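Take a look at the letters that make up each chain.
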Amino acid sequence: AYCLLTSHIEVTATSRHYVDRLFDPDPQKVLQGVIDMKNAVIGNNKQKANLIVLGAVPRLLYLLQQGSSSSELRAECAVVLGSLAMGTENNIKSLVDCHIIPALLQGRCMLTVCVTPCQDPTVIPHLMSLLSRSQRTQEYITQIFSHCCKTPEHQTVLFNHGAIQNIAPLLISPSYKVRMQALKCFSVLAYENTQVSMTLVNVLVDEELLSQVFVRMMQRDQPIDMQLTAAKCLTYMCRAGAIRTDDSCIVLKTLPCLVRMCSKERLLEERVEGAETLAYLMEPDVELQRIASVTDHLVAMLADYFKYPSSVSAITDIKRLDHDLKHAHELRQAAFKLYASLGSNDEDIRKKITETENMMDRIVSGLSESSVKVRLAAVRCLHSLSRSVQQLRTSFHDHAVWKPLMKLLQNAPDEVLVMASSTLCNLLLEFSPSKEPILESGVIELLCSLTQSDSPALRVNGIWALMNMAFQADQKVKGEIVRALGTEQLFRLLSDPDSNVLMKTLGLLRNLLSTRPHIDQVMSSHGKQIMQAVTLILEGEHSIEVKEQTLCILANIADGNTAKELIMTNDDILQKIKYYMAHSNVKLQLAATFCISNLIWNEEDGSQERQDKLRELGFVDILHKLTQASDPNLCDRAKTAMQQYLA
């Protein structure tokens, strides 16, 4: 007995040494102490018990939650706490009594532990095996899982360790808290995960399909938290492709449940989550957007998101009112997201949204709010509405939307820039009355600077907006664009690795080279470089679309008065046109034949010499062959060209 006692005291002495090191003023020594402690406790239940008795847990929690602790230290503390939690039932109980679980969850860390099997590969199966212990353990462990699951890799790890089979039975637990945590787990596991969602569809709980269990949990007599989380599960399964968008559990159950969450009877956070989930559910599906737009006056209900941050039931609770005022911006963000999703396809819904009281003013003020999230959601909403020609001509014009939009583009994070510049592309379309005033606001320089961004999406939008701006523009605007962009940048974009950027740059070039005086003017100053770029693209490994667009540019050049000569004196280009006239793709044949038509057109100076030269090069034989082509358009175009020789 004596012997045992000393050994116990010895262990405690070393254990005390471990705990003392946690209080060292030197952070490096603290970190080393935690690492040593980790190595001492893994797999050693007695050591774990000693450390718990000596009060290691509160100190580790303190270090875990200290903002000043390095991320490495925080991670190591979490591993040790995780390991302590893996001990015997008594250890877990002392940890729970220490309020470790909320702290760990808040410390965002245990969970890195649970999901870093490399630290202690036994953690997850161990937690799974504890699921049968008691309701309290079930509640905490499922809570740990749902908090720790942050990335697709985490979802896979939990999936591979049997999370679905182990947690599904908990959905019918007698304890509401356990049912609720299990439900939250499934919502986190299914989010944007096809593998999990496809598996969930076939899971049976007590002979009943899981989706039916979720439907039951959405009934109006269930607590709101449960209704909302079950609706999220079904939404995520639907978006991951495991449930069809026209399935009755989506159309008749999930969608109406989420619309109910948007009512002003509900608490702020319920309205926020309801609207955001609904926006996500119907984002890709126009039918769901139409159904939602006529369910319970949803469009008008969302207008209340701007007027009444607090729910009707909370009016008497002063703390609640204060909280809701502080969080009112979250409601505005959610409303903008939902409007964006509702209006992304259907013209009538967009009209309904813009006619909602003060809607355009609300969006405009949303664009300059201090919260980035609100600005992003407002610009998404604006982008959605800007897809409508009707809205661009009316409400957008009446509210001079482009002014705050331009201001937003000055120094915004990339996410906001992408949306704002997409919206600007729409505002710059030829039929948009905003175009004139925008042109005077320095927009060209702004767009040129976007084309130099590292983000392909921003380069595309910058060049796309310039392309829209150049469409049927006068020579002054075109000249401005060429000057501001600079030929160097224009040619850099013509060799951009992103094919979308290349396509839009070719589109810009094609718009710059329209109408004869413009074609001749641009080609007289930049002809050599443009012909080089065209040659390179026609020789390179590019898509049919890119080559077709490039041949269309050549056809425009062939339509110029003086510009024609740049093609006629370039045998290399003529050979390429010949090659594409005999290509296997009709689109390319059409575009190449169009180039030749423009070169041999009769009424123009020098047409006789051009016709003779092209006859010598064998073009007439090719045209003759093409008059027998199976494609009617190609056949007609070849015949029209042949007539130039006969006239």
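Since we're looking at a predicted model, the values are computed, not measured.

With that settled, consider the overall build of the protein chain. When its secondary structure is counted, the protein chain shows 43 helices and two strands. Radius of gyration (C-alpha) of the protein chain: 33 Å, far over the 26 Å computed for a compact globule of 647 residues. Dimensions of the protein chain along its principal axes, counting C-alpha atoms only, are 120 × 55 × 50 Å. Accessible area of the protein chain: about 29,200 Å², with a carbon and sulfur share of 53%. Positive and negative charge centroids in the protein chain, built from 65 and 72 side chains respectively, lie 4 Å apart.

Enumeration over the complete set of coordinates arrives at 30 salt bridges. As a salt-bridge pair, R239 and E283 come within 3.2 Å of each other at their nearest N and O atoms. Here the residue R239 occupies a position in helix α16 (residues 224–239), and E283 occupies one in the loop between α18 (268–282) and α19 (286–293), the gap between them amounting to 44 residues. Judged by relative accessible area, which is 30%, R239 ranks as partly exposed. Through salt bridges with shared partners, a single ionic network connects K264, D304, K307 and E357.

Right, let's get into unusual backbone geometry. Phi angles above zero are rare outside glycine, and E192 is one such case at about 50°. Among the structural elements, E192 can be located in the loop between α13 (176–190) and α14 (194–201). A relative accessible area of 54% places E192 in the exposed class. Phi angles above zero are rare outside glycine, and T515 is one such case at about 70°. Here T515 lies in the loop between α35 (499–512) and α36 (516–539).

According to the stated counting rule, one finds six aromatic pairs in the structure shown. Positioned over the ring face of Y305 is R271, at 4.9 Å from the centre of the ring. Note that R637 overlies the ring of F594, its terminal NZ or CZ placed 4.5 Å from the centroid.

This paragraph deals with the layout of surface pockets. Of the pockets and cavities examined, the largest pocket occupies roughly 510 Å³. Around the largest pocket, the lining comprises 19 residues; the ones closest to its centre are Y191, E192, K232, Y236 and Y280. Breaking the lining of the largest pocket down by element, the ones donating at least two residues are α11 (152–160), α13, α16 and α18. A total of five residues in the lining of the largest pocket trace back to one element, the largest contributor, which is α18. Residues belonging to the lining of the largest pocket are distributed by class as follows: seven nonpolar, four polar and eight charged.

Time to look at the packing of α36 against helix α39 (residues 571–581). Two elements in contact, α36 and α39, have axes whose closest approach is 11 Å; the angle formed by their N-to-C orientations is 40°. When you trace α36 past α39, the crossing you get is left-handed. Across the interface between the two elements, M531, V534, T535, L538 and E539 of α36 pack against D572, I573, K576 and Y580 of α39. Residue composition of the contact of α36 with α39, by class: five nonpolar, one polar and three charged.

Moving on to the nonpolar core. Judged by nonpolar contacts, the single largest core of 186 residues is most densely connected at F214, L342 and L554. By residue number, the principal contributor to this core is α16, which donates 10 residues. The contacts of F214, once residues within four sequence positions are left out, are L171, L183, F186, A230, C233, L234 and M237. In terms of nonpolar packing, the next biggest core, distinct from the first, is built from 24 residues, V30, I35, L51 and L73 among them.

What follows covers the side chain of N461. You can see N461 is positioned in helix α32 (residues 456–470). Sequence-distant contacts of N461, that is, excluding residues within four places in its chain, are made with V418, S421, S422 and C425.

Once that is clear, we can look at the confidence of the model for the protein chain. For the protein chain, per-residue confidence averages 85 on the pLDDT scale, and 91% of positions sit at 70 or higher. Confidence, read as mean pLDDT per element, is least for helix α8 (residues 110–114) in the protein chain (46) and greatest for α16 (97). In this model residues 105–120 is a low-confidence stretch, pLDDT under 50, and it forms 36 contacts with partners more than four residues away in sequence or in other chains.

What follows is about α16. Spanning 16 residues, α16 covers 22 Å between terminal C-alpha atoms, matching the ideal 22 Å at 1.5 Å per step. Across the 16 residues of α16, 14 count as buried, placing the element largely inside the fold. Immediately downstream of α16, the backbone of G241 shows phi near 90°, a positive value.

Right, let's get into the environment of Q391. Take Q391: it is sitting in helix α26 (residues 389–393). Owing to a relative accessible area of 4%, Q391 belongs among the buried residues under this scheme. Sequence separation between Q391 and K351 is 40 residues; the distance between their C-alpha atoms is 7.4 Å. Not counting chain neighbours up to four residues away, the residues in contact with Q391 comprise R350, K351, T354, L385 and F396. Here S395 takes part through its side chain, which lies 2.6 Å from a polar atom of the side chain of Q391.

Before going further, it helps to examine the state of the cysteines. Evaluated as defined, the whole model comprises zero disulfides. In this structure C249 is a free cysteine whose sulfur lies 7.8 Å from that of C238, the closest cysteine sulfur available.

With that settled, the discussion passes to the environment of Q529. Relative to the assigned elements, Q529 resides in helix α36. Taking the C-alpha atoms as reference points, Q529 and T487, 42 residues apart in sequence, are found 8.6 Å from one another. Setting aside chain neighbours within four positions, we find Q529 in contact with T487 and F491.

Right, let's talk about the packing of α35 against helix α37 (residues 544–558) for a bit. Closest axis-to-axis distance for the α35/α37 pair is 10 Å, and the angle between their directions is 15°. Here α37 runs roughly parallel to α35, going by the angle between their axes. α37 is crossed by α35, and the crossing has left-handed handedness. From α35, L502, M503, L506, G507, L509 and R510 reach across to α37, where they touch E545, V546, Q549, T550, C552, I553 and N556. Across the contact of α35 with α37, the residue classes break down as seven nonpolar, four polar and two charged.

Residue placement: T229 occurs in helix α16. Look past the residues within four positions of T229 in its chain and what remains in contact with it is M180, L183, K184 and S187.

With that settled, consider the environment of Y176. Structurally, the position occupied by Y176 is in helix α13. A residue is classified by how much of its surface remains accessible, and Y176, at 31% relative accessible area, is partly exposed. Sequence separation between Y176 and E139 is 37 residues; the distance between their C-alpha atoms is 9.6 Å.

Conventions and cut-offs
Residues numbered from 1 in each chain as written. Predicted model: local features only at pLDDT ≥ 70, side-chain atom pairs only at ≥ 80, totals over all residues. Heavy atoms only, no water. Helix = DSSP H or I, 4+ residues; strand = E, 2+ residues; numbered from the N terminus. Rg over C-alpha atoms; globule rule 2.2 N^0.38 Å. Areas by Shrake-Rupley, 256 points an atom, 1.4 Å probe, with all protein chains shown as cover. Lys, Arg positive; Asp, Glu negative; His and termini not counted. Charge placed at Lys NZ, Arg CZ, Asp CG, Glu CD. Salt bridge = Lys/Arg side-chain N within 4 Å of Asp/Glu carboxyl O. Buried < 20%, exposed > 50% of the residue type's maximum accessible area, 1.4 Å probe, protein only. Phe/Tyr/Trp six-rings, centres within 6.5 Å; stacked < 30°, edge-to-face > 60°. Lys NZ or Arg CZ within 6 Å of the ring centre and 35° of its normal. 1 Å grid on protein atoms, 1.4 Å probe; cavity = no way out; pocket = protein on both sides within 12 Å on 5 of 7 lines; lining within 4 Å. Points joined across faces, edges and corners; volume = space filled by probe spheres on them. Nonpolar A, V, L, I, M, F, W, Y, C, P; charged D, E, K, R; others polar. Axes fitted to C-alpha atoms, helices over the stretch in contact; angles between N-to-C directions. Left-handed = near helix turned anticlockwise from the far one by under 90°. Contact = heavy atoms within 4.5 Å. Core = buried A, V, L, I, M, F, W, Y, C linked by side-chain atoms within 4.5 Å. pLDDT = per-residue confidence, 0-100. Expected span 1.5 Å × (residues − 1). Polar contact = N/O pair within 3.5 Å; in protein donor to acceptor, adjacent residues only side chain to side chain. Disulfide = S-S within 2.5 Å. Parallel < 35°, antiparallel > 145°, perpendicular 65-115°, else oblique.

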